[in-house]
Amino acid sequence: MRTKEIIQSFVGTSKIVLKDVYTDAETNAIVIKARPTKIEQCRCGLCHRKGKYYDKGQGERRWRALDIGSQMAYIEATVERVRCKKHGVVTAAVPWARHDTWFCRSFEDTLAWLTVQTSHSVVSEFMRVDWHTVDRACKRVYDDLEAASSCRFDRLVNIGIDETSYKKGHKYITVVVNHDTNSVVWCSKGFGKTVLTQFFERLTPEQRASIRCVSADGARRIAECVEEFCPNAERCVDPFHVVAWATEVLDKERRRAWAEANATAKAAQKRKPGRPVKGDVVNPEKKDARALKNLRYVLLKNPENLSANQKDQLKFLTKANPRLYRAYLLKEGLRLALKAGSDEISEALTKWMGWAQRCRIPAFRELRLKIKRHFKAIVAAATHGLSNARIEATNNKIKLIIRRAYGFRNMDNMIAMIMLSCSSVHPSLPGR
Ligand SMILES: [Zn+2]
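The rules behind these values
Along every chain, residues carry numbers that run from 1 in the direction the sequence is written. In keeping with the predicted nature of the model, local features appear solely for residues at pLDDT of at least 70, side-chain atom pairs appear and are counted solely at 80 or more, and the whole-chain, interface and lining totals rest on all residues. Helix and strand definitions follow DSSP, with helices as H or I runs of at least four residues and strands as E runs of at least two, each counted in order from the N terminus. Taken over C-alpha atoms, the radius of gyration is set against a globule rule of 2.2 Å times the number of residues to the power 0.38. Note that contacts rest on C-beta atoms placed from the backbone: two residues are in contact if these are within 7 Å. Strand pairing is assigned whenever DSSP detects at least two bridges linking the two strands. Interaxial angles span 0 to 180 degrees and are taken between N-to-C directions of axes, which are lines fitted to C-alpha atoms, for helices over the stretch in contact. Residues with at least 20 other C-beta atoms within 10 Å of their own are called buried, those with 12 or fewer are called exposed, and the rest are partly exposed. The C-beta atoms themselves are positioned from the backbone. An automatic or database domain assignment is the source of the domain bounds shown. Here is the rule for angles: anything less than 35 degrees is roughly parallel, anything more than 145 is roughly antiparallel, 65 through 115 is roughly perpendicular, and the remaining ranges are oblique. Note on convention: near helix rotated counterclockwise from far helix by under a right angle means a left-handed crossing. Clockwise means right-handed. Amino acid classes used here: Ala, Val, Leu, Ile, Met, Phe, Trp, Tyr, Cys and Pro are nonpolar; Asp, Glu, Lys and Arg are charged; the rest, including Gly, are polar. Expected helix span is taken as 1.5 Å per residue step, with the number of steps being one fewer than the number of residues.

A. Examining the overall build of the chain more closely. Within the chain, the secondary structure is distributed over 17 helices and ten strands. In terms of overall size, the chain is more extended than a compact globule, its C-alpha atoms giving a radius of gyration of 31 Å where 432 residues would be expected to give roughly 22 Å. Oriented by its inertia axes, the alpha-carbon framework of the chain measures out at about 95 × 65 × 40 Å. Taking the contacts inside the chain whose residues are at least 6 apart along the sequence as the reference set, 61% of them involve residues at least 24 apart.

B. Broad picture of the sheet that holds strand β6 (residues 158-166). A sheet is described by the order of its strands in space; here five strands give the open sequence β8-β7-β6-β9-β10, paired in mixed fashion. Single-partner strands in this sheet number two, and they are β8 (183-189) and β10 (234-237). Here the average twist between neighbouring strands, direction ignored, is 25 degrees. Inspection of the sheet shows strand β9 (residues 213-216) paired to β10 by four bridges, in the parallel sense. Directly across from V214, in β10, lies its bridge partner R235. Sheet strands touched by helix α16 (residues 389-404): β6, β7 (171-178) and β8. Its angle to β6, the strand with the most contacts, is close to 35 degrees.

C. Highlighting the pairing of β6. In terms of residue burial, β6 counts as a mostly covered element, since eight of its nine residues are buried. In this sheet, β9 lies alongside β6 in parallel orientation, the contact comprising three bridges. Paired with G160 across the two strands is S215, which belongs to β9. Judged from the eight bridges that link them, β6 and β7 form a sheet pairing that is antiparallel. Bridged to G160 within β7 is V177.

D. Representation of the environment of D162 in the model. Along the chain, the position of D162 falls in strand β6. With 24 C-beta atoms packed within 10 Å, D162 lands in the buried category. For D162 and R404, which are 242 residues apart along the polypeptide, the C-alpha to C-alpha distance reads 22 Å. Those residues in contact with D162, other than ones at most four positions away along the chain, are V175, A216, N388, I391 and N395.

E. Fine view of the domain arrangement of the chain. Along its sequence, the chain is carved into domain 1 (1-99), domain 2 (103-238 + 392-432) and domain 3 (239-266 + 283-384). Placing the centre of domain 1 and that of domain 3 at their C-alpha centroids yields a distance of 66 Å.

F. The packing of helix α4 (residues 131-148) against helix α17 (residues 411-422), seen in detail. Interaxial distance between α4 and α17 falls to 9 Å at its minimum, and their mutual angle equals 60 degrees. Comparing their axes, α17 and α4 come out oblique. Both α4 and α17 take part in a crossing whose hand is left-handed. Mapping the contact onto sequence places D135, R136, C138, K139 and Y142 in α4 and D412, N413, A416, M417, M419 and L420 in α17. Grouping the constituent residues of the contact of α4 with α17 by class yields six nonpolar, one polar and four charged.

G. Expanded view of unusual backbone geometry. If you check the backbone angles, D100 has positive phi at about 60 degrees while not being a glycine. Structurally, the position occupied by D100 is in the loop between β5 (88-91) and α2 (105-117). Even without being a glycine, Y406 presents a positive backbone phi close to 50 degrees. For Y406, the position within the fold is in the loop between α16 and α17.

H. The arrangement of the environment of C236 in detail. Mapped onto the secondary structure, C236 falls in strand β10. Note on C236: 28 C-beta atoms within 10 Å, which makes it buried. When the C-alpha positions of C236 and A223 are compared, they lie 9.5 Å apart, and in sequence the two are 13 residues distant. Dropping the residues within four chain positions of it, C236 is found in contact with C213, V214, S215, A377, A380, A381, H384 and L386.

I. Inspection of the pairing of β5 at higher detail. As judged from the four bridges shared by strand β4 (residues 71-84) and β5, these two strands associate in the antiparallel manner. Across the sheet, residue R81 finds its bridge partner in β5, namely T91. Linkage of β4 to β5, two consecutive antiparallel strands, is achieved through a turn of three residues.

J. The arrangement of helix α14 (residues 362-373) in detail. For α14, built from twelve residues, the straight-helix expectation of 16 Å at 1.5 Å per residue is met to within 8% by its first-to-last C-alpha distance of 17 Å. Looking at the buried residues of α14, the elements they touch are α8 (239-267), α12 (322-339), α13 (345-358) and α15 (375-384).

K. Expanded view of the packing of α16 against α17. For the pair α16 and α17, the least separation of the axes is 10 Å and the interaxial angle reads 125 degrees. Between α16 and α17, the angle falls in the class oblique. For the pair α16 and α17, the crossing hand works out as right-handed. Contacts from T394, K397, I398, I401 and I402 of α16 reach α17 at M414, M417, I418, S421 and C422. Within the contact of α16 with α17, the residues separate by chemical class into seven nonpolar, two polar and one charged.

L. Examining the environment of Y297 more closely. Secondary-structure assignment places Y297 in helix α10 (residues 296-300). In this structure the C-alpha to C-alpha distance between Y297 and Q310, which are 13 residues apart in sequence, comes to 8.9 Å.

What follows is the structure, encoded as structure tokens:
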């Protein structure tokens, strides 16, 4: 293999003409002096069309290439400016790098692949680049891959929509997941109807028509969007969110019971000063109130996962506060009803709604009305076997990505990182 071919395979393109290779006396880096081939010269950096030579631009400049052994390597070339019919005067494209960057394509691809696998600090140290450069390079790689792969919107059948928070719940992003491939299809900052509309508007009429089921929580804005853009699609409210509604109501009930017990304890006669008499129980009401306060995780946990101590706590509840115990049984009843197979869920839910109607707990009667409103969508989720648990798993992954990067200053970089990690747009290592 001749030097020219070695360099071409190192840079990852054959559209390069080698002029010289030397070592920079100052930095000890290897510099490959080159130029694009004739056919690649005078192309617009943005649209890659042939343009007219304008001027010499900034003259000679360098692009960081992948290291050769332990030595840093650069490609050095003169980049002229061209006049493009569409974009005006722009810097000409070079075959070894993307537009508006100081890094070679192979270098950025490696950077993006590594960032998906490991933390920013490891990548920035290993690749010898600045922390923020990592994010910017990932964004460029994502933009490049995104332009070439809109096919992930084709043949969408079952999708799930969810909104997840970041920055301690101050900001939100909307995530759309393909249930069949278990990957993120689309992601955008913000939430609400306008944000979701952007997703549906991006799809062609054929792509929208192929969607059969849309799973989400019971939010009205999502339902309205689905009705507007995919009238043929069936809306599903997944069991995960329905149980979450019940646990929320149950926790509200527990807090109410605790507040009541606390008020009773405060109103109870205060202990006389001095040493208590032997065998005298000091303020039993206060003890009961504290026990109710500590019941939170016992009530939220599934009964099969309770420890022996937690089971005792639950036994205490049956006598201490029958109303709260009834609320707990209602939550468990709903969970089991949702677990019934697709043939029996309709009957099981109707039975549960009858129970909730008679339970004499206003919060659960309200929940019954909510379930009645979404009855069709809940049954549809069970029939099609759709669950947003997968989206919740994706949400966890997103939170991990954000945490691993110690937060993102630029939200577009964050979305690019999420898409590179969780969607079918995967960065690949050069030459593989
Ligand atoms: Zn152009």
